[in-house]
Structures are given as C-alpha cells and as structure tokens.
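# Coordinates in review
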Amino acid sequence: MSSITSLFDYFNLMIGMLGGGLAGVFVLAVFTTRAHWLGALIGLLSGAVATGLVQLSSSIHVYLAGAAGTVTCVAVGYLASWLIPALQKDLTGLTIHTLRSAPSPTDDELACSESLEVSTR
C-alpha cells in the first residue's frame with residue numbers, strides 16, 4: 001500500500017478490484033444458463049482476489065487488471081455452478097440463449113400496461 005500516492009489511486013484500486021468481478025457476474029448471468037447465485041458469488045469473490053493479486057504483484061495498469069477479475073469470475077463462477085447442484089429455475093427471456101423463446105406479450109397485456117401509466121399533472 002505504500003505505492004499508493006493519492007486518494008484517487010486508492011479509489012481506482014478499489015473500483016478495479018470490484019469492477020472486474022461485477023462484469024464477470026454480468027457475463028455469467030447473460031451468457032450462461034448454468035450459473036446460479038452461489039456460483040456467481042464464489043466467482044465474484046475469486047475475481048476480486050485475482051484482481052487484487054494482479055494489481056499488487058505487477059505493474060499492470062489498474063483498469064487492465066480488472067480484466068483478470070472478469071476472466072477469473074466467469075471461469076470460477078461457471079465451474080462452481082457446475083460442481084454445486086442447485087434447483088433449475090425458468091430462465092425464459094433472461095439469458096441470450098432463452099431470449100427467442102420468450103413469449104411475446106398479448107394484446108390484453110399491452111392494453112393493461114398502457115392503462116397503468118400515471119398522469120403527471
């Protein structure tokens with residue numbers, strides 16, 4: 001921590017440690033149907049640890065070190081979701097793989113959503 005010279009550098013260090021893992025959780029949620037909450041949490045924590053190790057042990061820029069967290073989060077989160085069993089839930093319309101199978105809204109549902117609009121007078 002002695003190499004941190006300003007508060008902005010410390011802020012970038014913290015954002016880099018958490019930002020890479022959050023991006024990895026997003027990738028897990030959108031691009032996989034296997035990942036579940038526990039795998040994503042394990043991936044998030046491992047991504048933060050990996051980013052911290054990369055930042056503290058190398059001279060890579062803070063923003064680039066977040067990529068290590070993203071890759072680690074996706075890999076470890078997917079592996080943990082594969083190894084730890086969980087209940088399968090309906091993911092229709094939530095991932096890129098199930099987006100096309102999402103039912104389109106009916107005319108009644110569209111009319112109902114239009115009638116719920118709030119007037120701002």
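Calculation rules
Residues numbered from 1 in each chain as written. Predicted model: local features only at pLDDT ≥ 70, side-chain atom pairs only at ≥ 80, totals over all residues. Heavy atoms only, no water. pLDDT = per-residue confidence, 0-100. Helix = DSSP H or I, 4+ residues; strand = E, 2+ residues; numbered from the N terminus. Buried < 20%, exposed > 50% of the residue type's maximum accessible area, 1.4 Å probe, protein only. Contact = heavy atoms within 4.5 Å. Patch = residues over 30% accessible without salt bridge, like charges linked within 9 Å, V, L, I, M, F, W, Y side chains within 5 Å. Areas by Shrake-Rupley, 256 points an atom, 1.4 Å probe, with all protein chains shown as cover. Salt bridge = Lys/Arg side-chain N within 4 Å of Asp/Glu carboxyl O. Axes fitted to C-alpha atoms, helices over the stretch in contact; angles between N-to-C directions. Left-handed = near helix turned anticlockwise from the far one by under 90°. Nonpolar A, V, L, I, M, F, W, Y, C, P; charged D, E, K, R; others polar. Expected span 1.5 Å × (residues − 1). Arc of directions from axis to C-beta.

### Notes on the confidence of the model for the chain
For the chain, per-residue confidence averages 80 on the pLDDT scale, and residues scoring 70 or more make up 76% of the total. Looking at the elements of the chain, mean pLDDT is at its lowest for helix α4 (residues 107-115), recorded as 57, and at its highest for helix α2 (residues 37-57), recorded as 91.

### Some points on the side chain of T51
Tracing the sequence through the fold places T51 in helix α2. Under the relative-accessibility criterion, T51 is labelled buried at 0%. Residue contacts for T51: discarding those within four places in its chain leaves G16, M17, A65, G66, A68 and G69.

### Notes on a nonpolar patch on the surface
Taken together, the side chains of F8, F11, I15 and Y63 present a nonpolar region at the surface, about 470 Å² in accessible area. Among the elements that make up the nonpolar patch, the one with the highest residue count is helix α1 (residues 7-31) (three residues). Position of F11 among the secondary structure elements: in helix α1.

### Concerning the side chain of S81
Along the chain, the position of S81 falls in helix α3 (residues 62-83). The buried category is assigned to S81, whose relative accessible area is 4%. Each residue touching S81, except ones within four places of it in the same chain, is listed here: R34, A35, H36, G39 and A40.

### Observations regarding the packing of α2 against α3
Orientation of α2 relative to α3, taken along the N-to-C sense of each, is 150 degrees, at an axis distance of 7 Å. At the point where α2 passes α3, the crossing takes the right-handed sense. On the side of α2, the interface is formed by G39, A40, I42, G43, L44, S46, G47, A50, T51, V54 and Q55, while α3 contributes V62, A65, G66, A68, G69, T72, C73, V76, G77, A80 and S81. Of the residues contributing to the contact of α2 with α3, the split by class is eleven nonpolar, eleven polar and no charged.

### Remarks on the environment of G24
Relative to the elements of secondary structure, G24 occurs in helix α1. Distance from G24 to G69, taken between C-alpha atoms, is 7.3 Å for residues 45 residues apart in sequence.

### Some details on the packing of α1 against α3
Packing of α1 against α3 brings their axes to within 7 Å, and their N-to-C directions diverge by 35 degrees. Crossing handedness for the pair α1 and α3: right-handed. Only V62, Y63, G66, G69, T70, C73, V74, G77 and Y78 of α3 make contact with α1, whose side of the interface consists of N12, L13, G16, G20, G21, A23, G24, V25, V27 and L28. When the residues that make up the contact of α1 with α3 are grouped by side-chain class, the tally is ten nonpolar, nine polar and no charged.

### Points about α3
Along its 22 residues, α3 runs 32 Å from first to last C-alpha, staying within 8% of the 32 Å computed at 1.5 Å per residue. Looking only at α3, the buried set comprises A65, G66, G69, T70, C73, G77, A80 and S81. Down the axis of α3, the smallest arc covering the buried residues is 160 degrees, so these residues share one side. Exposed and oriented more than 90 degrees from the buried face of α3 are L64, V71, W82 and L83. Its buried side turned inward, α3 meets α1 and α2.

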